[in-house]
Amino acid sequence: MKYAVVLTALSAIGMSACNDGNADEGNQQAIDTLIQKTKDALVRVEGGSFQMGDFGPIDPNLTGGNKGLPYSAEQDNKPLHKVTLDTFYMSSTKVTYADYDIYTQATDKDKINNTSEFEMQFRQDNVPAGVDWHQAKEYCSWLAEQTSLPFTLPTEAQWEYAARSGGDFIPYGTSTGTLEKGKSIPTNEEVRAATQAGDFSNLAPYPVDIYAPNSLGLYQMGDNGYEWVSDWYLHDYYKNSPQKNPRGPDEGKEKVVRGLPHGDGWGGSLTMERYHAPVKIADNSTPITYTFRCVSNTNSIKR
């Protein structure tokens, strides 16, 4: 009898070890797949110089009564100033919940935004993961550890340069450079059909690749969620910004975000518009409207 009990116990331990091994193996496969997918989706952004900020006064595409006028009434995107950037690689899409869930499982962190029925309405595999600044930075740092590549959040200058397809005079980071529902951004009906948020569809994220990318191959550079960048926010930073690879102030109270929240009716943000938010979202709030993508500051990547 004791022998049978021992055999049963050993068998149970063996099955448990086997199951743990299969789970570890499955998770590693998911990590490997994510890493390869991330590398494959990186867009090379050739370095160069551009005029950063509200380029309305020098935009050759403006004519008639609009010629020479600024695009924005805001003052923190002025003065227009020359910036020169090195070549970098940028993720073609925002990081999705499917991507982020692999990361949290790999690092033994809790899944994000799944503790209430309200949060779950906005949680689908192929929509942008809603995170605070620290969560976004830690994900990019984890990618760097996994790949030995210099992944991090983009600088504000990198984001704008990429949204403007290499610093061109492009007001919106869409496939057409304009906001056209049903052509460059989704219609209200398409947003509602793509989400499970019901009455809250006007707040809900939609798939990261629902419409064509800009000319560089980057999706949703200005819509479907604010995007975190690495820079601290300072309203008059442009007055003293260095020309070469600016990285923002050394310190601050809030981080810069670019783009606009998701949902229907919002459209998209001008490529030069600047917004800002606390690095940690309040405990009683869900950071569903704050999204991100990573960059790799290197000249070459082996796929």
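What you see is a predicted model; the values in this text were computed from it and never measured. (Residues numbered from 1 in each chain as written. Predicted model: local features only at pLDDT ≥ 70, side-chain atom pairs only at ≥ 80, totals over all residues. Heavy atoms only, no water.)

Peer 1: So what exactly am I meant to see when it comes to the overall build of the protein chain here?
Peer 2: Along its length, the protein chain carries 6 helices and 10 strands. When the backbone C-alpha atoms are referred to their principal axes, the protein chain occupies close to 95 × 45 × 35 Å. Across the 303 residues in the protein chain, those meeting the buried criterion constitute 51%. Summarising the internal contacts of the protein chain: among those between residues at least 6 apart in sequence, 76% fall at separations of at least 24. Roughly 14400 Å² of accessible area belongs to the protein chain as shown, and the carbon and sulfur atoms make up 51% of that amount. Positive and negative side-chain charges in the protein chain, numbering 27 and 39 respectively, have mean positions lying 5 Å apart. (Helix = DSSP H or I, 4+ residues; strand = E, 2+ residues; numbered from the N terminus. Buried < 20%, exposed > 50% of the residue type's maximum accessible area, 1.4 Å probe, protein only. Contact = heavy atoms within 4.5 Å. Areas by Shrake-Rupley, 256 points an atom, 1.4 Å probe, with all protein chains shown as cover. Lys, Arg positive; Asp, Glu negative; His and termini not counted. Charge placed at Lys NZ, Arg CZ, Asp CG, Glu CD.)

Peer 1: Looking at this structure, I do not really get the state of the cysteines. What am I missing?
Peer 2: What makes a disulfide is a covalent bond joining the sulfur atoms belonging to two cysteines. Following the criterion strictly, the structure yields 1 disulfide and no others. Shown here is the disulfide that connects Cys-140 with Cys-294, its sulfur atoms set 2.1 Å apart. Since a negative S-S torsion denotes a left-handed disulfide, the Cys-140-Cys-294 link at about -90° is left-handed. Taken together, the residues Cys-140 in helix α4 (residues 133-147) and Cys-294 in the loop between β9 (290-291) and β10 (295-296) connect sequence positions 154 residues apart. (Disulfide = S-S within 2.5 Å.)

Peer 1: Can you walk me through the sheet that holds strand β1 (residues 42-45) in this structure?
Peer 2: Hydrogen bonding along the main chain pairs the strands of a sheet, whether they run parallel or antiparallel. A sheet is described by the order of its strands in space; here 4 strands give the open sequence β1-β4-β10-β5, paired in antiparallel fashion. The open sheet terminates on both sides in strands that have one partner only, identified here as β1 and β5 (151-152). Bridging between strand β4 (residues 88-91) and β10 involves 2 bridges; their strand directions are antiparallel. Each residue of the ladder has a partner; that of Tyr-89, found in β10, is Ser-296. (Pairing = 2+ DSSP bridges.)

Peer 1: I keep staring at the environment of Gly-48 and nothing clicks. Help me out?
Peer 2: Checked against the element boundaries, Gly-48 lands in strand β2 (residues 48-52). The sequence separation of Gly-48 and Leu-149 amounts to 101 residues, and the corresponding C-alpha distance is 22 Å. Not counting the four nearest positions on each side in its chain, Gly-48 is found in contact with Val-83, Thr-84, Leu-85 and Tyr-161.

Peer 1: Looking at this structure, I do not really get the sheet that holds β9. What am I missing?
Peer 2: Overall, mixed pairing links the 4 strands, which are arranged β8-β7-β6-β9 in an open sheet. The open sheet has two edge strands with one neighbour each: β8 (275-277) and β9. The pairing of strand β6 (residues 226-232) with β9 spans 2 bridges and is classified as parallel. Counted as the bridge partner of Glu-227 is Thr-291 from β9.

Peer 1: Can you walk me through a nonpolar patch on the surface in this structure?
Peer 2: Side chains of Phe-118, Phe-200 and Leu-203 sit close together on the surface and give an oily, nonpolar patch of about 230 Å² of accessible area. Inspection of the secondary structure puts Phe-118 in helix α3 (residues 117-120). Overall, Phe-118 belongs to the partly exposed group, its relative accessible area being 33%. (Patch = residues over 30% accessible without salt bridge, like charges linked within 9 Å, V, L, I, M, F, W, Y side chains within 5 Å. Salt bridge = Lys/Arg side-chain N within 4 Å of Asp/Glu carboxyl O.)

Peer 1: It is not clear to me how the confidence of the model for the protein chain should be interpreted in this structure. Could you clarify?
Peer 2: Interpretation of the predicted coordinates at a detailed level should be avoided for regions scoring low in pLDDT. Model confidence for the protein chain is summarised by a mean pLDDT of 90, while 91% of its residues fall at 70 or above. Taken as a whole, residues 1-21 scores under 50 in pLDDT and shows 0 contacts with residues more than four places along the chain or in a different chain. (pLDDT = per-residue confidence, 0-100.)

Peer 1: Looking at this structure, how should I read the packing of aromatic side chains?
Peer 2: Note on aromatic pairs: each is described by the distance of the centres and the angle between the planes. Enumeration according to the criterion identifies 15 aromatic pairs in this entry. An angle of 50° between the planes, with centres 5.5 Å apart, marks the rings of Phe-55 and Phe-169 as tilted. Taken together, the residues Phe-55 in the loop between β2 and β3 (81-85) and Phe-169 in the loop between α5 (156-163) and α6 (188-194) connect sequence positions 114 residues apart. The exposure class assigned to Phe-169 is partly exposed, which follows from its relative accessible area of 28%. When the centroid spacing of 5.2 Å and the interplanar angle of 85° are considered together, the rings of Phe-118 and Phe-200 count as edge-to-face. Remark: Phe-200 occurs in the loop between α6 and β6 and Phe-118 occurs in helix α3; sequence separation between them is 82 residues. Judged by its relative accessible area of 35%, Phe-200 falls in the partly exposed class. Here a set of aromatic residues connected by ring pairs shows up, and it is made of Tyr-100, Tyr-103, Tyr-139, Trp-142 and Phe-292. The residue whose ring lies beneath Lys-255 is Trp-232, and the NZ or CZ to ring-centre distance is 3.9 Å. (Phe/Tyr/Trp six-rings, centres within 6.5 Å; stacked < 30°, edge-to-face > 60°. Lys NZ or Arg CZ within 6 Å of the ring centre and 35° of its normal.)

Peer 1: Just to check I follow, could you spell out the nonpolar core for this structure?
Peer 2: Note on soluble globular proteins: their nonpolar side chains tend to be buried together. Of all hydrophobic cores here, the largest spans 38 residues; its most connected members are Tyr-100, Val-131, Tyr-139, Trp-228 and Phe-292. For this core, the elements supplying multiple residues, two or more each, are α1 (2-40), α2 (97-106), α4 and β6. Those residues in contact with Phe-292, other than ones at most four positions away along the chain, are Lys-94, Val-95, Tyr-100, Val-131, Ala-136, Tyr-139, Cys-140, Leu-153, Glu-227 and Trp-228. Judged by nonpolar contacts, the second largest core, of 21 residues, contains Phe-88, Ala-163, Leu-218 and Tyr-233. (Core = buried A, V, L, I, M, F, W, Y, C linked by side-chain atoms within 4.5 Å.)

Peer 1: What should I look at first to understand α2 in this one?
Peer 2: Two residues of an α-helix separated by three or four positions point the same way, owing to the 3.6 residues in each turn. Counted residue by residue, α2 has 7 buried out of 10 residues, so it is predominantly covered. Of the residues trailing α2, Asp-108 is marked for its positive phi of about 60°.

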